[in-house]
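Survey of secondary and tertiary structure
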Amino acid sequence: MSIVVEGAPLRSAPPPVRGLRLSSRQQSLIGVATILILMPLVFRMDRDKFAPFTELAIWRFLGEGVVLVLLVSTAAILMSLPLAVGLALGRLSTRAAIRLPSIGFIEAIRAIPLLLLIFYVFLSMPRDVQTFIGRETLALTLALMVYTAAINAETLRAGILALDRGQMEAARSLGLTHWAALRYVVLPQALRNTLPPLLAQFTTLVKDTSLGLAISMVELLQRGVIIYQGFRNPMESLYVVGLLYFAVNFILEQASLATQRGGSARPQ
Amino acid sequence: MDLTLLWQGLLVTLQLSLLSIVLSLVIGTVIGVMRVAPLAPVAVFAEGYITFFRNIPLLIVLFFILNGLPASPIGLRLSFFETAVAGLSVYTAAYVAEVVRAGLQSLSRGQLEAARSLGMSWVTAMRFVLLPQTFAAIIPPLGSVFIALTKNTSLASAIAVPELLYQSRVVEARTFNPNILLIAGAMYLAITIPAGAAVNLLESRMSLARTRR
C-alpha cells in the first residue's frame, strides 16, 4: 500500500445526468461552455481588450507555448517510464537493499510539493550547464520526469500486483528466468492494463508545466503574463490562456477515456 | 542554520491548508450535490464546474482571482493570503465534488426513494439521509484530495504568500544554499506522510467493516 495517495488523477466517465438525452461528454462541454460564457460577464471583461487576440503574431506566440507544453510533457512522460518500471520492480524486490531505497525514493518524491522539487533541481543545477533548450526548460523537464516516475511507479506496481500470480508461475515453469518472465510476460500485460492511468498522468503533466513560470521559463502561462503586461488586459489574457490549457487537456482526457473503454479488456 | 523563517512558513502553510480544506469541503459538497440534482441545468452546470477546474492549472486560477476580484462587481480586495485560500478552495472543490458525486451515486437508489416517500423534500433527503451516509464512506478519498491540496499550497509562493516554500527560497537567496529546500521538503513530508498513513488506516478499517457486514 502506498502511503501518500494522489488526488485521483484519472476520472472515470461519470454517468450522464438523468432525463437528458446527451452523452456525458456533451454534457461536460455544455457545462463548461456555460461557465465560459458566465465568466466574462461576472468579471466584467472588456470586449476591446480581446483585440490583441485577433492578431496572428499573438497566436503564433501562444501556439509556440502550446507546442512547448506538449513537448515538455511528452519528454517527461517518455523519460519517466524506464525509471518508473525500475522503481516499481525495485519496490517489489525481495531484497531489502533494493526494496527499501525504492520505497523511500517513491514516497519522498510523492510527499513533497512538485514546485519544491522544480526549485531544487533548478537551483542545484550547475550554472554553466550547456543546453540548447535553456536551463529552465531542462530543470522543469527533469523535475517533472522524476515526479511522474514516482507516481507511475505506484500505478505500475499496482498493475503488476493485480496480475494473476499464475502468470509468473507459468512463465517460470516453462523455463524462463525470473527476469525473462518479467520482461516478456508480466511487464507487457501490466503496462497494457495500466495504460489509462498512465495516460491520465499526461493531463496532470500538462497542467504542471505551468509551474515553469515560477522558475521564469517562458511556457504557455508565462506567455499569457507577458501579453497582459504589454496590453494591460490580465483578465482577458488569462481567460484565453486558460481556454488553451482546457482545450489541450480535454482532448487528452477524452483520449485517455477512449483507451480506458477500448484497451482494458484483459484476457482472464 | 537559522530556521526561524521556515517555522513561520510552516505555520502559514498549515493555516492555508486548514482554511482551504474547510472552504473547499463546503463548496465541493454543494457542487457535488448539484451534480446529482434532478434539475438538468443545475446538474450540467455542476458537471461544467468539475470538468473546467480539473483541466486548468491552479496557477491560472490564482492569477485570475488576484487580478479579477478587485475589478468584478463585488469589488472584493483580498490580501495575497486570502486570494490563495480562495483559489485553492475553488480549485480543490472540483475534486471534492467529484468524490461526493461518486459517493452519492454509489448509494442505493432506495435510500432517496424511501426518504422522498416519507415526505422529505429532495434537499432534506440529501441533507439528512444521503449525505451523512456518503461522508462516512468517502473520508479516505477526501483525505487524499486534501493531501494534494496541502502540497498545492506551495503554489501560493508564486503570489507572494510567505508560506513554507516562499520562506525557504528567501533563505536560499540569502545563503545560496539550495539544500535549505530539502529541510522544507522534510517539513512537508512531516505533514503529508502521517496524513497519508492515517488515510490508509481509515481505508483498511472501512474495507474491513464492509467485508464483515
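What counts, and at which threshold
Residue positions are counted from 1 within each chain, in the order its sequence is given. Here the convention is simple: chains get letters from A, ligands get numbers from 1, in the order in which they are written. In keeping with the model being predicted, local features are shown solely for residues with a pLDDT of at least 70 and side-chain atom pairs are shown and tallied solely at 80 or more, while totals for entire chains, interfaces and linings include all residues. Runs of H or I in DSSP of at least four residues are treated as helices and runs of E of at least two as strands, each being numbered from the N terminus. Any pair of residues counts as being in contact when their C-beta atoms, constructed from backbone geometry, are within 7 Å of one another. The nonpolar core is taken to be a set of buried Ala, Val, Leu, Ile, Met, Phe, Trp, Tyr and Cys residues joined by way of C-beta atoms within 7 Å. Burial is judged by counting the other C-beta atoms within 10 Å of a residue's own C-beta: 20 or more makes it buried, 12 or fewer makes it exposed, and any count in between marks it as partly exposed, with every C-beta position built from the backbone. Following the grouping adopted for this structure description, the nonpolar residues are Ala, Val, Leu, Ile, Met, Phe, Trp, Tyr, Cys and Pro, the charged ones are Asp, Glu, Lys and Arg, and the polar ones are all others, Gly among them. Every angle, taken between N-to-C directions, lies between 0 and 180 degrees, and every axis is a line fitted to C-alpha atoms, over only the stretch in contact when it is a helix. Any angle between 65 and 115 degrees counts as roughly perpendicular, while under 35 counts as roughly parallel, over 145 as roughly antiparallel, and the rest as oblique. Crossing handedness is defined as follows: a turn of the near helix away from the far one that is anticlockwise and smaller than a right angle gives a left-handed crossing, while the clockwise case is right-handed. A helix is expected to reach a length of 1.5 Å times the quantity of its residues less one.

Observations regarding the overall build of chain A
Tallying secondary structure elements over chain A gives 10 helices and 0 strands in all. Tracing chain A from N to C terminus, the helices and strands come up as α-α-α-α-α-α-α-α-α-α. For chain A, the proportion of contacts with a sequence separation of at least 24, taken over those separated by at least 6, is 74%.

Side note on the nonpolar core
Taken as a class, soluble globular proteins show a tendency for nonpolar side chains to be buried jointly. In terms of nonpolar packing, the biggest core is built from 125 residues, with Leu116, Leu117 and Ile118 of chain A together with Leu59, Ile60 and Leu62 of chain B touching the most fellow members. Residues within four places of Ile60 of chain B in sequence aside, it is in contact with Ser210, Leu221, Leu238, Val241, Gly242 and Tyr245 of chain A.

Here's the deal with the interface of chain B and chain A
The parts lose accessible area when they come together, and the size of an interface is often stated as this lost area. Taken together, the contacts link 51 residues of chain B with 51 residues of chain A. At the level of secondary structure, the elements contributing two or more residues to the side of chain B that touches chain A comprise helix 2 (40-54), helix 3 (58-71), helix 4 (80-106), helix 6 (122-152), helix 7 (164-175) and helix 8 (180-212) of chain B. A total of 11 residues in the side of chain B that touches chain A trace back to one element, the largest contributor, which is helix 8 of chain B. Looking at the side of chain B that touches chain A residue by residue, the classes come out as 31 nonpolar, 13 polar and 7 charged.

Observations regarding the packing of helix 1 (residues 4-35) of chain B against helix 2 of chain B
All names here are of chain B. Where helix 1 meets helix 2, the axes come as close as 7 Å, and the angle between the chain directions of the two elements is 130°. The angle between helix 1 and helix 2 places the two elements in the oblique class. Between helix 1 and helix 2 lies a crossing of left-handed hand. On helix 2, the residues touching Ile31, Met34 and Arg35 of helix 1 are Val42, Ala43, Phe45, Ala46, Glu47, Tyr49 and Ile50. Of the residues belonging to the contact of helix 1 with helix 2, the class tally is 8 nonpolar, no polar and 2 charged.

Quick word on unusual backbone geometry
Phi is mostly negative for residues that are not glycine, and the peptide bonds are mostly trans. Even without being a glycine, Arg44 of chain A presents a positive backbone phi close to 50°. Structurally, the position occupied by Arg44 of chain A is in the loop between helix 1 (24-42) and helix 2 (56-92). You can call Arg44 of chain A exposed: it has 11 C-beta atoms within 10 Å. In this structure, Phe176 of chain B takes a positive phi of about 55° despite not being glycine.

A closer look at the packing of helix 4 (residues 114-124) of chain A against helix 5 (residues 135-162) of chain A
The relative placement of two packed helices comes down to the angle between their axes together with the axis-to-axis distance. Residues and elements named next belong to chain A. Relative orientation of the contacting elements helix 4 and helix 5 amounts to 130°, with a least axis distance of 9 Å. In this view, helix 4 runs oblique relative to helix 5, as classed from their interaxial angle. Note that helix 4 runs across helix 5; the crossing there is right-handed. Here Leu114, Leu117, Ile118, Val121 and Phe122 of helix 4 come into contact with helix 5, specifically with Glu136, Ala139, Leu140, Leu142, Ala143, Val146 and Tyr147. Grouping the amino acids of the contact of helix 4 with helix 5 by side-chain chemistry returns 11 nonpolar, no polar and 1 charged.

Examining the environment of Leu199 of chain A
The topology assignment puts Leu199 of chain A in helix 8 (residues 195-208). What Leu199 of chain A contacts, discounting residues up to four positions off in sequence, is Ala255, Ser256 and Thr259 of chain A.

Side note on helix 2 of chain B
Residues and elements named next belong to chain B. The end-to-end C-alpha distance of helix 2, which contains 15 residues, comes to 21 Å, matching closely the 21 Å that a straight helix rising 1.5 Å per residue would cover. The buried count for helix 2 comes to 12 of 15 residues, which makes it a mostly enclosed element. Buried within helix 2 we find Ala43, Val44, Phe45, Ala46, Glu47, Gly48, Tyr49, Ile50, Thr51, Phe52, Phe53 and Arg54.

Focus: helix 8 of chain A
Its 14 residues give helix 8 of chain A an end-to-end C-alpha distance of 20 Å, which sits within 8% of 20 Å, the value for a rise of 1.5 Å per residue. Most of helix 8 of chain A is tucked away: 13 of the 14 residues are buried.

Here's the deal with the environment of Val85 of chain B
On the secondary structure map, Val85 of chain B appears in helix 4. Note: C-alpha distance between Val85 of chain B and Val36 of chain B (49 residues apart in sequence) is 27 Å.

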